[in-house]
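In case you want the letters, here they are:
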Amino acid sequence: MDQTFDIGARLNAMRLAAGLSQRQLAERAGVPHAQISNVETNKVSPSVATLRKILSGLGVGMGDFFEPERSPPKGPFFSAHELVDLTSKVAALPISGGGDGALVFRQIGDARAHNLQILHEVYEPNADTGDTLLQHASSEGGYVVEGELEVTVGEEVRVLKAGEAYLFDSRVPHRFRNLSGRRTVVISACSPPYL
């Protein structure tokens, strides 16, 4: 393993991307709350067994946790197999304690280089970004290609069907859920990139 790999920073980034507090992750992983804090601040170096247990709360395997960021293809065109799978960054197995549906995020190209993140999102039935609302310094929009998606933005909640869209300031707390019994597909964009 790379000696400069920061386990605490990586865990913190993955937990925040999943929209979980330290306490929520501790509950999901079955470890004491202080253990999450101590690992994230690098006060302790977790054993392999402990780290594996913590990552299980995120739905992330050891390989995904330690895998270095891969360089996205340059483009300008991308085949389906060239989309960058970001699913592990949002801990999608499952994301929410209440939902049991899988969620898949695949990115087109190098979001950082273009300051624009374009995603192909798939929400299986009961997929949910979680009770802890997402919030980040971006603007985002999306178009529902297939199925329906419940979108919460601040105090507003609406179920969007295929052909409908959303656009909002991502600093406003938000959530995405598929409450239907069938798959939902969304094409979204976020600037600056979030994941």
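Residues numbered from 1 in each chain as written. Predicted model: local features only at pLDDT ≥ 70, side-chain atom pairs only at ≥ 80, totals over all residues. Heavy atoms only, no water.

Q: Quick rundown of the nonpolar core? Include the residues and the values.
A: By size, the foremost hydrophobic cluster in this structure holds 19 residues, and its most contacted members are Phe 105, Tyr 123, Leu 149, Val 151, Tyr 166 and Phe 176. Among the secondary structure elements, those contributing two or more residues to this core are strand E2 (103–107), strand E3 (117–123), strand E5 (148–153) and strand E7 (165–169). What Leu 149 contacts, discounting residues up to four positions off in sequence, is Tyr 123, Val 144, Arg 158, Val 159, Leu 160, Phe 176, Arg 177, Asn 178, Thr 184 and Val 186. If you look at the next biggest cluster of nonpolar residues, it comprises 17 residues, including Met 14, Ala 18, Val 39 and Val 60. (Core = buried A, V, L, I, M, F, W, Y, C linked by side-chain atoms within 4.5 Å. Buried < 20%, exposed > 50% of the residue type's maximum accessible area, 1.4 Å probe, protein only. Helix = DSSP H or I, 4+ residues; strand = E, 2+ residues; numbered from the N terminus. Contact = heavy atoms within 4.5 Å.)

Q: I'd love a proper account of unusual backbone geometry, names of residues and values included.
A: In this structure, Pro 76 follows Gly 75 across a cis peptide bond, with omega equal to 20°. Note on placement: Pro 76 falls in the loop between helix H5 (62–66) and strand E1 (84–85). Phi is positive for Asn 115, which is not a glycine, with a value near 55°. Within the secondary structure, Asn 115 is located in the loop between helix H6 (111–114) and E3.

Q: An account of the packing of aromatic side chains is needed here, citing residue identities and associated values.
A: A full pass over the atoms with the stated rule returns 4 aromatic pairs. Ring centres 5.4 Å apart and planes at 45° place the aromatic pair Tyr 166 and Phe 176 in the tilted group. With Tyr 166 in strand E7 and Phe 176 in strand E8 (residues 174–177), this residue pair connects regions lying 10 residues apart in the sequence. Of the two residues, Tyr 166 and Phe 176, neither departs from the other in class, the shared state being buried. The class for Phe 176 is buried, based on a relative accessible area of 4%. Three or more aromatic residues joined by ring pairs form one cluster here, namely Tyr 166, Phe 168 and Phe 176. (Phe/Tyr/Trp six-rings, centres within 6.5 Å; stacked < 30°, edge-to-face > 60°.)

Q: Give a description of the packing of helix H2 (residues 22–29) against helix H3 (residues 33–40) that names residues and reports values.
A: Relative orientation of the contacting elements H2 and H3 amounts to 115°, with a least axis distance of 8 Å. Taken as a pair, H2 and H3 cross one another with a handedness that is right-handed. For the pair H2 and H3, the contacting residues are Gln 22, Arg 23, Leu 25 and Ala 26 in the first and His 33, Ile 36, Ser 37 and Glu 40 in the second. Here the contact of H2 with H3 is built from residues that sort into 3 nonpolar, 3 polar and 2 charged. (Axes fitted to C-alpha atoms, helices over the stretch in contact; angles between N-to-C directions. Left-handed = near helix turned anticlockwise from the far one by under 90°. Nonpolar A, V, L, I, M, F, W, Y, C, P; charged D, E, K, R; others polar.)

Q: Before we move on, could you go through the sheet that holds strand E4 (residues 139–146) and cite the residues and values that matter?
A: Taken in spatial order, the 6 strands make up an open sheet running E1-E2-E3-E9-E4-E7, and their pairing is antiparallel. Edge strands, defined here as strands with exactly one partner in the open sheet, are E1 and E7. (Pairing = 2+ DSSP bridges.)

Q: Which residues make up the side chain of Glu 140, and what values go with them?
A: When you line up the elements, Glu 140 lands in strand E4. Of the side chains with opposite charge, Arg 171 comes closest to the buried, unpaired Glu 140, at an N-O distance of 10 Å. Engagement of the side chain of Glu 140 in a polar contact is seen with the side chain of His 136, the distance being 3.2 Å. In terms of polar contacts, Glu 140 uses its side chain to reach the side chain of Ser 170, at 2.8 Å. The contacts of Glu 140, once residues within four sequence positions are left out, are Tyr 166, Leu 167, Phe 168, Ser 170, His 174, Phe 176, Ala 189 and Cys 190. (Lys, Arg positive; Asp, Glu negative; His and termini not counted. Salt bridge = Lys/Arg side-chain N within 4 Å of Asp/Glu carboxyl O. Polar contact = N/O pair within 3.5 Å; in protein donor to acceptor, adjacent residues only side chain to side chain.)

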